[in-house]
Every structure is written in structure tokens, then in C-alpha cells.
Amino acid sequence: MEGVTARVSEGRGSAVLLSARGLSKSFGALRVVTDLDFEVADRELVGVLGPNGAGKTTLFNLISGDQRLDAGHLLLGGQSLAGTPPHIRARRGIGRTYQIPRPYSGMTTFENLLVAAMFAGGRSERAAYAECAQILEECGLSERENQPAGSLTLLNRKRLELARALAGKPRLLLLDEIAGGLTEEESGQLVALIRRIRDRGMTIVWIEHVLHAIMSVADRIIVLNFGQKIADGAPSDVIADPEVRRVYMGIEA
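Residues numbered from 1 in each chain as written. Predicted model: local features only at pLDDT ≥ 70, side-chain atom pairs only at ≥ 80, totals over all residues. Heavy atoms only, no water.

**Student:** Break down the pattern of salt bridges for me, citing the residues and quoting the values.
**Tutor:** Taken as a whole, this structure holds twelve salt bridges when the rule is applied. Between R220 and E44 there is a salt bridge, with the nearest N and O atoms lying 2.8 Å from each other. With R220 in strand β9 (residues 220–225) and E44 in the loop between β2 (30–41) and β3 (45–49), this residue pair connects regions lying 176 residues apart in the sequence. By the burial criterion, R220 is buried, and E44 matches it. Among the salt bridges present, the one from E138 reaches R200, with a minimum N-O distance of 2.2 Å. Here E138, found in helix α4 (residues 125–138), pairs with R200, found in the loop between α6 (184–199) and β8 (203–207); they are 62 residues apart in sequence, far enough to count as distant. Look at R200 and you get partly exposed, because its relative accessible area is 47%. Salt bridges sharing common partners tie together E44, R220, K229 and D232. (Salt bridge = Lys/Arg side-chain N within 4 Å of Asp/Glu carboxyl O. Helix = DSSP H or I, 4+ residues; strand = E, 2+ residues; numbered from the N terminus. Buried < 20%, exposed > 50% of the residue type's maximum accessible area, 1.4 Å probe, protein only.)

Here is the structure:
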């Protein structure tokens, strides 16, 4: 199913925002990502699935610049990302969240957003204030703006993680298991927020193990196994694929 033509939903852009060709990464003798090719269209939401150890988070680290490629090429908006460190990639429009939220615990929720807006988004403190207030409202954190980030609940830390990524004004938003560890109700709230962000035109790549969450919003799904792409296509087609069911769900054909 690797050859399935990528689906771009009606109303999504057809221009390619992110292009990956021949991506490879090893840690010693362990190959984590192997000769990986894919594209993400402007305004598309692409889900990334795979068992633990499939190379999903390493892929995000390669895109964000947290780790260096051994081989391959990454283009954002047609421009090479080769040799650019994470802070430059953030300025060029790559925002991301992490599996485990990483707020500045001693700073308030609002101050966390200001840091992202000023250093990732490149805006002055004055210009950042109004935008950060708007993002807090959108993410349901307005009532927590003066609360130390380290005292937030898990759901609100996840919201803050997303809000900080948005404060950098990304063109491409990378979400790494943002629904993980939440209750079904909390997960539903977060999915509704991500859907609203998607609907206003944000391009999103989302790693997730909460299958119903990603299935409800994804335009397309890519499945990795041992660092290789085994499927790429419409969510319903991918989940029905026998190899995906065997590798990801443990269901033999």
C-alpha cells in the first residue's frame, strides 16, 4: 500500500509545504529511519502511526533540527533545511510539541507564551502580548494565564504545549502524541481544538497512539515500522490494509 496516491481533502491546498527525500538516521548500528520519502501538502493534516520504536519521534527530531540527518533532504516551502539549527527552523515556520510537556515551570502560562512568541516568532514584546492573549483564549487557558506552568494539570500542560507552538506562528505544526495520557473526555476536548486549528488553514503532522483521535481529523495517514514507510493513504484505506493491521494492531489476516 506504500504506492497509494496521497489524498488531499477537498478545500486543502495542493502545493507541497514539506518534502522529505531519502531520510536516514542511525544510532550506532541501529537504523531508526531508513530511506524515507513523503510529502505534506499545504493545509493538510497528516497522521503518523506505528508501533513503539518505529522511528516516529526521531522523524520529528529530524524535521525540527533536534537531531541531524545521516542522509536525505528536507525542504520547507521549497527551501532546503540542510544545516539549519532548531531555532532557525522555528523562525522559518516549524513549530512542535513534545510527548512530555516541557514548560518553563517557574514562569506563568502567559510568560511561557511570550518566550515562544518573541524568540521563535521573532516579535517584539509589545507585539507579542495581544497575540499571546488571543492564543490563550483559543486554547482555553485564559483563566490560567497567571498560574505557574508547573502547577497546571496534565490537560492544561498539553494545551500550553500546543499554545507555545502556535505562539511561534508556524507554517508547519508537529504534534507528538499530544492526546497521550488524557481521559477520553479530555482527549475529545483537545481533538476539537486541533480540528479548529486545522480548519483555519494550519498544516499539521500528528503522531498519535489514540487511534480514534487521529482518525477523526486526519486527511491522510502514514504508517512507519522499523523506520520504513509501510503505508500512506486515506485513513480508512490505511487502517484496512492487512500489513498495517498485522504490524500496528497485531491482527493477522
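**Student:** How would you sum up the pairing of strand β10 (residues 228–233)? Please name residues and give values.
**Tutor:** Each regular strand displays side chains that alternate between the two surfaces of the sheet. Of all the six residues making up β10, five are buried; the element is thus mostly covered by neighbouring parts of the structure. Where β9 meets β10, five bridges bridge the pair, whose relative direction is antiparallel. Counted as the bridge partner of I222 is D232 from β10. Linking β9 to β10, which pair antiparallel, is a turn of two residues; within it F226 sits at a positive phi near 50°. (Pairing = 2+ DSSP bridges.)

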